[in-house]
Amino acid sequence: MTVWTVRASVEDDWRAYRALRLEMLEDTPIAFLETLDHARAHPDEHWRNRAANPTTTSRLFAAVADDGRWLGTMGGFHATGAPAPHLVGVYITPEFRGRAHGMADALLDAVIAWARPRGSRLLLQVHEANTPAQRFYARRGFALTGSTVPYPLDPSTRELEMSLPLLP
């Protein structure tokens, strides 16, 4: 049985983050606003910066196996001046998906704790075809807001906005 913990990433995690990000893009290309080819072209410095959590406006959390391998990730992003933080970069490696593993719930709990002092709700955008993600978010209390935007990599499809009230 694999033992894992959830923690915020640090710069030294960049190789593990890069490996999981490439897996994410290969596994679920509609979910991450970036193509696999584009991600593969990033220099090492890009990955170091993303893993380092260098600003107070974003936080990247990882579910890390006892051997150091990243099994899942979720992040929070709060743009300067924006009324609410956003949930971003949600991914669980296939063998750890599902409620029984608890990984998605543990990662989301970490993001919610980070987001709570930053606003009264947590927003996200999910591709209209990503029904497993929509079901997970709904189970955790997110609701559709009615707002949609064209998906940047294929504007003929949409991203749906969902919101979760952040209770004190």
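Refer to the structure above for everything that follows.
Keep in mind the model is a prediction, meaning the values are calculated, not measured.

Structural notes on the nonpolar core
In this structure, Met74, Leu87, Leu108, Leu122, Tyr137 and Phe142 are the most contacted members of the largest nonpolar core, which totals 28 residues. Those elements giving two or more residues to this core turn out to be strand 2 (58-65), strand 3 (70-77), strand 4 (86-92), helix 4 (103-115), strand 5 (121-127), helix 5 (131-139) and strand 7 (154-165). Take this core: its biggest share by element is nine residues, from helix 4. Not counting residues within four places of it along the chain, the set of residues in contact with Tyr137 comprises Leu87, Val90, Leu124, Val126, Phe142 and Met162. Among the nonpolar cores identified, the runner-up in size contains 15 residues, and Phe32, Ala39, Leu60 and Ala62 belong to it.

Some details on unusual backbone geometry
For Leu33, which is not glycine, the phi dihedral falls at a positive 60 degrees. Mapped onto the elements of the fold, Leu33 is located in the loop between helix 1 (14-27) and helix 2 (36-40). Look at Leu33 and you get partly exposed, because its relative accessible area is 45%.

Things to note about the side chain of Glu159
Secondary-structure assignment places Glu159 in strand 7. Salt bridges are absent for the buried Glu159, whose nearest opposite-charge side chain, Arg21, sits at 11 Å. The contact partners of Glu159, leaving out residues within four places of it in the chain, are Leu33, Gln125, Val126, His127, Ser147, Thr148, Val149, Tyr151 and Pro152.

Describing the packing of aromatic side chains
Aromatic rings in a pair are described by how distant their centres are and how their planes are angled relative to each other. Counted according to the given criterion, the structure contains five aromatic pairs. Relative to Trp47, the ring of Tyr17 has its centre 5.6 Å away and its plane inclined at 65 degrees; by these criteria the two rings are edge-to-face. Of this pair, Tyr17 sits in helix 1 while Trp47 sits in helix 3 (residues 44-52), placing them 30 residues apart in sequence. Judged on exposure class, the residue Tyr17 and its partner Trp47 are both buried.

A few points about the environment of Val111
Structurally, Val111 can be placed in helix 4. In sequence terms Val111 and Arg59 are 52 residues apart; their C-alpha atoms lie 7.9 Å from each other. With near-sequence residues (within four places) excluded, Val111 lies in contact with Phe61, Met74, Gly75, Gly76, Leu87 and Leu122.

Examining the pairing of strand 2
Counted residue by residue, strand 2 has six buried out of eight residues, so it is predominantly covered. Where strand 1 (residues 4-8) and strand 2 come together, five bridges link them in antiparallel fashion. When the sheet's bridge partners are listed, Thr5 is paired in strand 2 with Val64. Sheet topology note: the strand 2/strand 3 ladder contains seven bridges and is antiparallel. In the sheet register, Ala62 faces strand 3, and the bridge partner there is Thr73. The antiparallel hairpin formed by strand 2 and strand 3 contains four residues in its connecting segment, where Gly68 sits at a positive phi of about 95 degrees.

Quick notes on the rules
Residues numbered from 1 in each chain as written. Predicted model: local features only at pLDDT ≥ 70, side-chain atom pairs only at ≥ 80, totals over all residues. Heavy atoms only, no water. Core = buried A, V, L, I, M, F, W, Y, C linked by side-chain atoms within 4.5 Å. Buried < 20%, exposed > 50% of the residue type's maximum accessible area, 1.4 Å probe, protein only. Helix = DSSP H or I, 4+ residues; strand = E, 2+ residues; numbered from the N terminus. Contact = heavy atoms within 4.5 Å. Lys, Arg positive; Asp, Glu negative; His and termini not counted. Salt bridge = Lys/Arg side-chain N within 4 Å of Asp/Glu carboxyl O. Phe/Tyr/Trp six-rings, centres within 6.5 Å; stacked < 30°, edge-to-face > 60°. Pairing = 2+ DSSP bridges.

The values reported here are purely geometric and, on their own, carry no functional implication.
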